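Coordinate inspection notes
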Amino acid sequence: MSTPPLTSRRPEILLAVLLSACLVALSLQVRRPTGESVGERWLQSILGPFVDLVAGVRTAGGDLAEWSSSRRALLSENRQLRSSAEALEAELLRLRGVERDRDRLLALFGAHAAPPAGTVAARLVAVEAAGPFRTALLDRGADDGLSPGGVVVAAEGLLGRVVAVGAGTARVQLLSDRVAAAGVLLARQGRAAVARGDGRGGATILYVPTIEAVEVNDPVVTSGTDGLYPTDLPVGRVLSVNRKADSLFWEIQVAMAVDPARAARVFVLPPVRTSDAPAGAAARR
Amino acid sequence: MNSLRLAAGLALSTLGTLGLGALGLPATPDLFLLPVGDSARRGGAPLAMVAGLLAGLLEDLVSVPGRLLGLHAFTKVLIGYVLATIAARTVIEKPAAVGGLLAGAVVLESVALVLLLWILRGEALLPPPLLVLSRAAATGLLAGALQVASRVPWRERREARRRMKLG
């Protein structure tokens, strides 16, 4: 069956066009009992998917804008939190430093729970270790109540004593100084002896007979017999024990309990008075 | 020529409809159907449908009360196509056949109007059958009369009368 030519179909095409035009015109005018026109209903049916699409795009756009806004807010909040975290980290580091200082102080007060009246806290601002003489400089002086003979201790033990005082500074003779000496006690054996600075950062214990069983790492504390230092202040530990061939005494090297280069904070105890015998007991507390 | 004839027919139909409406007659012929039928018989389906469109629009404009614009245009385009299709297949020259065909067209248009309004409004608005029949009869009679009048050789008669006066 062949398709008729266009010229013969023209009346039907024209008929369809005219009738469609009339129907469209009518549908735009006629209102159904429900109140809406047929054209509006047809238009709604045709445009419904498009309207849904536009509404969907609009909703998606709104969601996207909201997401973008939330993202900006989150980024801003993230920046603030990072900044806050950095500040908190810095604060934490500072607090850790403070905690270390507190621990040192607690250790000091732990060793001397009730420090003698007149105890002054100070800083070691300089250590002179050139040559055989070992001294240090404190940032406190006579104006702060320091006087010659004051005992300088750190958290770990005895450091030395004050030998000269200025208005705002004081010089300390370290126990490792070549001309410094102190009465000490080998705590394990209960043997009294004398420790003298070796000028190299340590000390040598003299006059311990070879019949004493001295071992490395034995603790050494002050004996209080010298009238310079209170008793029971840690001096150090035995580093080595030697004996000369013709000698009746051990030659004992002591590693000092306190490294002056690391003892930033110290306490200066009042000088020990020889007439004040119980002062050693008070310091022991 | 057909276009001028159509324009004249539409103008006369409009004037006639307005005049008959002013008289308030109970049953008036569908004057707009006459130029549609004439175009279908002389110019074929395209001209008949265009004539139907124009006639229908005019009828919608002059109808009292105002109708929907395009309502009668739709039905008259359809009637024009139907009449042109019939005229293309048969030879209708007798006045009775012309009158009957147009009377049937009036009935067919009424049915088409009812169906169209039912589709558009969702409710069937049936016109009084007697009114439809009387309108169809009036239209058929007028179309038959016009067909009779169109078959009279008016020009030859006028020439013969003039020759008689001169002779």
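This is a predicted model, so every value here is computed, not measured. (Residues numbered from 1 in each chain as written. Chains lettered and ligands numbered in written order. Predicted model: local features only at pLDDT ≥ 70, side-chain atom pairs only at ≥ 80, totals over all residues.)

Quick look at the overall build of chain A now. Assigned secondary structure in chain A consists of three helices and 12 strands. Counting across all 285 residues of chain A, residues that qualify as buried make up 26%. For chain A, the share of sequence-separated contacts (at least 6 apart) that also reach a separation of at least 24 residues comes to 56%. (Helix = DSSP H or I, 4+ residues; strand = E, 2+ residues; numbered from the N terminus. Buried ≥ 20, exposed ≤ 12 C-beta atoms within 10 Å, placed from the backbone. Contact = placed C-beta atoms within 7 Å.)

Attention shifts here to helix α1 (residues 2-23) of chain B. Residue and element names in this part refer to chain B. Spanning 22 residues, α1 covers 31 Å between terminal C-alpha atoms, matching the ideal 32 Å at 1.5 Å per step. Along α1, the positions that sit buried rather than exposed are L6, G9, L10, S13 and T17. Mapping the buried residues of α1 onto a view down its axis gives an arc of 100 degrees, with all of them on the same face. When the buried face of α1 is taken as reference, the exposed residues oriented beyond 90 degrees from it are L4, A8, A11, L15, L18, G19, A22 and L23. Among the structural elements, α2 (33-62) are those in contact with the buried residues of α1. Immediately beyond the C-terminal end of α1, within one or two residues, lies G24, with a positive phi of roughly 75 degrees. (Expected span 1.5 Å × (residues − 1). Arc of directions from axis to C-beta.)

What the six strands build is a closed barrel, ordered β1-β2-β5-β4-β3-β12 (chain A); its pairing is antiparallel. When strand polarity is set aside, the average angle formed by the axes of neighbouring strands in this sheet is 40 degrees. (Pairing = 2+ DSSP bridges. Axes fitted to C-alpha atoms, helices over the stretch in contact; angles between N-to-C directions.)

Attention now moves to unusual backbone geometry. Residues and elements named next belong to chain A. Backbone geometry places Y207, a non-glycine residue, at a positive phi of 65 degrees. Within the secondary structure layout, Y207 lies in strand β8 (residues 203-209). Given 12 C-beta atoms within 10 Å, Y207 falls into the exposed group. With a phi angle near 80 degrees, N217 is a residue other than glycine that sits in the positive phi range. Residue position: N217 is located in the loop between β8 and β9 (219-222). Residue classification places N217 among the exposed residues on the basis of 9 C-beta atoms within 10 Å.

Another point: the interface of chain B and chain A. Accessible area lost on assembly of the parts is the figure often given for the size of an interface. Each partner contributes residues to the interface: chain B has 16 residues there, and chain A has 16 residues. Taken together, the elements giving at least two residues each to the side of chain B that touches chain A come down to α2, α3 (71-89) and α4 (95-121) of chain B. With six residues, α3(B) is the single largest residue contributor to the side of chain B that touches chain A. For the side of chain B that touches chain A, a count of residues per class yields 13 nonpolar, two polar and one charged. (Nonpolar A, V, L, I, M, F, W, Y, C, P; charged D, E, K, R; others polar.)

Let's shift gears to the pairing of strand β6 (residues 181-186) of chain A. Residue and element names in this part refer to chain A. Relative to strand β7 (residues 191-197), β6 runs antiparallel, the two being bridged by six bridges. Bridge pairing in β7 places G183 opposite V194. Count of turn residues in the β6/β7 antiparallel hairpin: four residues, of which G190 carries a positive phi of about 75 degrees. Sheet topology places β6 next to β9; three bridges connect them, and they run antiparallel. Along β9, the bridge assignment pairs V184 with T222.

This prediction gives chain B a mean pLDDT of 88; 97% of its residues lie at or above 70. When mean pLDDT is compared element by element in chain B, α3(B) scores highest at 92, while helix α6 (residues 154-166) of chain B scores lowest at 85. (pLDDT = per-residue confidence, 0-100.)

All right, on to the sheet that holds β7(A) then. Residues and elements named next belong to chain A. The six strands are arranged β6-β7-β8-β11-β10-β9 in a closed barrel whose pairing can be described as antiparallel. On average, adjacent strands in this sheet sit at an angle of 40 degrees to one another, irrespective of strand direction. In this structure, strand β10 (residues 234-243) lies alongside strand β11 (residues 249-256), joined through seven bridges in antiparallel fashion. Paired with S240 across the two strands is Q253, which belongs to β11.

Counting residues in each nonpolar core, the largest one holds 46 residues, and the members touching the most others are V153(A), L159(A), V235(A) and V266(A). Not counting residues up to four positions away in its chain, the partners in contact with L159(A) are V152(A), V153(A), A154(A), V172(A), L174(A), L175(A), V258(A), P260(A), A263(A) and V266(A). Counting 45 residues, the second-largest nonpolar core is a separate cluster that includes A48(B), L57(B), L68(B) and L142(B). (Core = buried A, V, L, I, M, F, W, Y, C linked by C-beta atoms within 7 Å.)

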